[in-house]
Amino acid sequence: MKKSVGKLKGFTINFLPYSEIRDLDSTKRIRKVLDIILDNSILILQGRLKPEEETRLIEDTMSMIGHLKNFKGVELAVISGNGSNGFFGKMRMRFANAISGSDFGAITIIGPATIVREIKRNPKKIELFLNK
Amino acid sequence: MAIKIMKNFFMRVFSNIFKKKREIKLGFYGPPNAGKTSLANRICKDFTGEEIGSVSKIPHETRNVQFKEQVEIDYNGKKMMFKMIDTPGIATKIDYEDFLKYKMKKGESKKRAKEATQGVIESIKWLDDMDVVVVVLDSTENPYNQVNITIIGNLAARKTPVLIVANKIDMKKSDIKRIEAAFPEYDVVGLSAKYGTNLEEFYESIFKLAKKI
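Residues numbered from 1 in each chain as written. Chains lettered and ligands numbered in written order. Predicted model: local features only at pLDDT ≥ 70, side-chain atom pairs only at ≥ 80, totals over all residues. Heavy atoms only, no water.

Draft legend 1. Spatial organisation of the overall build of chain B. Each helix and strand in chain B was counted, giving seven helices and six strands. Tracing chain B from N to C terminus, the helices and strands come up as α-β-α-β-β-α-α-β-α-β-α-β-α. Projected onto the principal axes, the alpha-carbon positions of chain B cover approximately 75 × 40 × 35 Å. A burial count over chain B gives 49% of its 213 residues as buried. A separation of at least 24 residues holds for 71% of the contacts in chain B among residues at least 6 apart in sequence. As presented, chain B carries roughly 11300 Å² of accessible surface, and 52% of it is formed by carbon and sulfur atoms. Between the mean site of the 38 positive side-chain charges and the mean site of the 28 negative ones, chain B shows a separation of 3 Å. (Helix = DSSP H or I, 4+ residues; strand = E, 2+ residues; numbered from the N terminus. Buried < 20%, exposed > 50% of the residue type's maximum accessible area, 1.4 Å probe, protein only. Contact = heavy atoms within 4.5 Å. Areas by Shrake-Rupley, 256 points an atom, 1.4 Å probe, with all protein chains shown as cover. Lys, Arg positive; Asp, Glu negative; His and termini not counted. Charge placed at Lys NZ, Arg CZ, Asp CG, Glu CD.)

In structure tokens form, the structure reads like this:
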């Protein structure tokens, strides 16, 4: 059955703590992320996906374009928070990240391109531009 | 025993004469319209007389991975053999309506969008096969783009040597410093693929990186 992503009537912001995906394998993790996005939601994920999961997400997204009505892809941005905590702060962060396999200080924002037109970022701020 | 030694000696001599020089697989990665094909064309034209692919102002002109084998770069008395691999631009979204702005017809735009999505998937699949990668960024654009970060993050995870090229330095809005600040742990070479500016520094950096593999 062909799924379809409807025209924008509204959207929700969905916060996902890392604990929700920690025990999932990469395939299930990406599935979970995509399910939220396909539900017309902007996902705010605690932590970040692994680099190979990020590319896998892009691949899966690309293969959906043209198959799901009105789906044009995603906008995503990762804000990494381990920049200026001093030497010991950085060490603690690296230790926590090594144990968990994820960047705990990071936040990932992913939204469907039908809702999120652009995510502009620079080291100090992040701006979400939504489609009218 | 003596016959075996002689046989090994001749085998080595002849295989060295006839075998092709080892090619270093040099990939060109980056977001759409950063100038990957323009740079690959410039290098291929200089050393083989032929180009690798067509360029256009319309994004996603390269929709298939393109190769040029046996490209011997001869710079400052040093020579190295490369296989040039030009990849389609990586994006997280593709909307056929964006192509309509370039006066393309609807059917043609839809076809281009479909091919572009397949091109992105192909580019990602090729990440595993590269020896050295040149990440080409448009120096007039904001470098804090997740596609750039994802590409470089993936190459770092694979321990693939990376050179970042800040292309389009001939443009007024070009800002190499912004790219250097975004990726402080990488070498950044500013150049203009269109006009062939500062290619010497590019070749120097590529030779340096190629020695690491």
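Draft legend 2. Representation of the sheet that holds strand E5 (residues 162-167) of chain B in the model. All names here are of chain B. With respect to topology, six strands assemble into an open sheet ordered E2-E3-E1-E4-E5-E6, the strand pairing being mixed. Every other strand in the sheet has two partners, leaving strand E2 (66-75) and strand E6 (188-190) as the edge strands with one partner each. Averaged over all pairs of adjacent strands, the angle between their axes in this sheet comes to 30°, without regard to strand direction. Alignment of strand E1 (residues 24-29) against strand E4 (residues 132-138), held across four bridges, turns out to be parallel. Along E4, the bridge assignment pairs Leu 26 with Val 132. Relative to the sheet, helix H2 (residues 36-48) contacts E1, E2, strand E3 (78-86), E4 and E5, its axis offset from that of E2 by approximately 55°. (Pairing = 2+ DSSP bridges. Axes fitted to C-alpha atoms, helices over the stretch in contact; angles between N-to-C directions.)

Draft legend 3. Spatial organisation of the pairing of E1 of chain B. Residue and element names in this part refer to chain B. Of all six residues making up E1, five are buried, and the element is well covered by its neighbours. As judged from the five bridges shared by E1 and E3, these two strands associate in the parallel manner. Each bridged residue has a counterpart across the sheet, and for Phe 28 the counterpart in E3 is Asp 86.

Draft legend 4. Here's a closer look at the nonpolar core. Judged by nonpolar contacts, the single largest core of 53 residues is most densely connected at Leu 57 and Ile 110 of chain A together with Ile 90, Ile 94, Val 135 and Ile 164 of chain B. The greatest single-element share of this core, amounting to six residues, is contributed by helix H1 (residues 26-38) of chain A. Residues in contact with Ile 110 of chain A, not counting those within four places in the same chain, are Val 33, Ile 37, Ser 41, Ile 42, Leu 43, Leu 57, Val 74, Glu 75 and Leu 76 of chain A. Ranked by size, the runner-up nonpolar core spans 30 residues in total, among them Ala 40, Val 136, Phe 202 and Ala 210 of chain B. (Core = buried A, V, L, I, M, F, W, Y, C linked by side-chain atoms within 4.5 Å.)

Draft legend 5. Quick look at a nonpolar patch on the surface. Residues and elements named next belong to chain A. Taken together, the side chains of Phe 11, Ile 13, Leu 128 and Leu 130 make up a nonpolar region of the molecular surface, amounting to roughly 340 Å² of accessible area. Positionally, Leu 130 belongs in strand E6 (residues 126-130). Residue Leu 130 is classed as partly exposed on the basis of its relative accessible area, which comes to 34%. (Patch = residues over 30% accessible without salt bridge, like charges linked within 9 Å, V, L, I, M, F, W, Y side chains within 5 Å. Salt bridge = Lys/Arg side-chain N within 4 Å of Asp/Glu carboxyl O.)

Draft legend 6. Geometry of the sheet that holds strand E2 (residues 41-46) of chain A. All names here are of chain A. Strand order across the open sheet formed by four strands is E1-E2-E4-E3, with mixed pairing between neighbours. Where the open sheet ends on each side, the last strands, each with one partner, are strand E1 (12-16) and strand E3 (74-79). Across the sheet, the mean angle separating the axes of adjacent strands is 15° when strand polarity is ignored.

Draft legend 7. Expanded view of the environment of Pro 31 of chain B. Residues and elements named next belong to chain B. Looking at where Pro 31 falls in the secondary structure, it is placed in the loop between E1 and H2. Taking the C-alpha atoms as reference points, Pro 31 and Val 147, 116 residues apart in sequence, are found 6.8 Å from one another. In contact with Pro 31, other than residues within four places in its own chain, are Lys 36, Gly 89, Ile 90, Val 136, Leu 137, Val 147 and Asn 148.

Draft legend 8. How the structure looks around the confidence of the model for chain B. Scored by pLDDT, chain B comes out at a mean of 92, with 93% of its residues at no less than 70. For this predicted complex, the interface score ipTM comes out at 0.86, while the overall pTM is 0.86. (pLDDT = per-residue confidence, 0-100.)

Draft legend 9. Structural view of a positive patch on the surface. All names here are of chain A. A cluster of basic residues, Arg 117, Lys 120, Lys 125 and Lys 132, forms a positive patch at the surface. Mapped onto the elements of the fold, Lys 132 is located in the segment after E6. Take Lys 132: its relative accessible area is 100%, and that puts it in the exposed class.

Draft legend 10. Structural context of helix H7 (residues 199-210) of chain B. Here H7 of chain B spans 16 Å end to end across 12 residues, near enough to the 16 Å set by a 1.5 Å rise per residue. Looking only at H7 of chain B, the buried set comprises Leu 199, Phe 202, Tyr 203, Ser 205, Ile 206, Phe 207, Leu 209 and Ala 210 of chain B. (Expected span 1.5 Å × (residues − 1).)

Draft legend 11. Geometry of unusual backbone geometry. In this structure, Asn 76 of chain B is a non-glycine residue whose phi angle is positive, near 55°. Examined against the element boundaries, Asn 76 of chain B turns out to sit in the loop between E2 and E3.

Draft legend 12. Geometry of the confidence of the model for chain A. On average, chain A scores 82 in pLDDT, and the residues at 70 or more come to 75%. Here helix H3 (residues 86-100) of chain A is the element of chain A with the lowest mean pLDDT, 52, and helix H2 (residues 51-64) of chain A is the one with the highest, 96.

Draft legend 13. Local environment of the interface of chain A and chain B. Chain A puts 23 residues into the contact, and the matching count from chain B is 21 residues. Around 1900 Å² of area is buried between chain A and chain B when both sides are counted, 60% of it from carbon and sulfur atoms. The largest share of the area that chain A buries against chain B comes from Glu 59, Met 62 and Arg 121 of chain A, three residues that together contribute 33% of it. The tally of links between chain A and chain B comes to three salt bridges. Where Glu 75 of chain A meets Lys 93 of chain B, a salt bridge forms, and the shortest distance between an N and an O atom there is 2.9 Å. Connecting chain A to chain B are 13 residue pairs in polar contact (both at pLDDT 80 or more). Where the side of chain A that touches chain B is concerned, the elements lending two or more residues are H2, E3 and strand E5 (116-121) of chain A. Looking at the side of chain A that touches chain B, the element that brings in the most residues is H2 of chain A, giving nine residues. Per-class residue counts for the side of chain A that touches chain B are 10 nonpolar, five polar and eight charged. (Buried area = accessible area lost by both parts, 1.4 Å probe. Polar contact = N/O pair within 3.5 Å; in protein donor to acceptor, adjacent residues only side chain to side chain. Nonpolar A, V, L, I, M, F, W, Y, C, P; charged D, E, K, R; others polar.)

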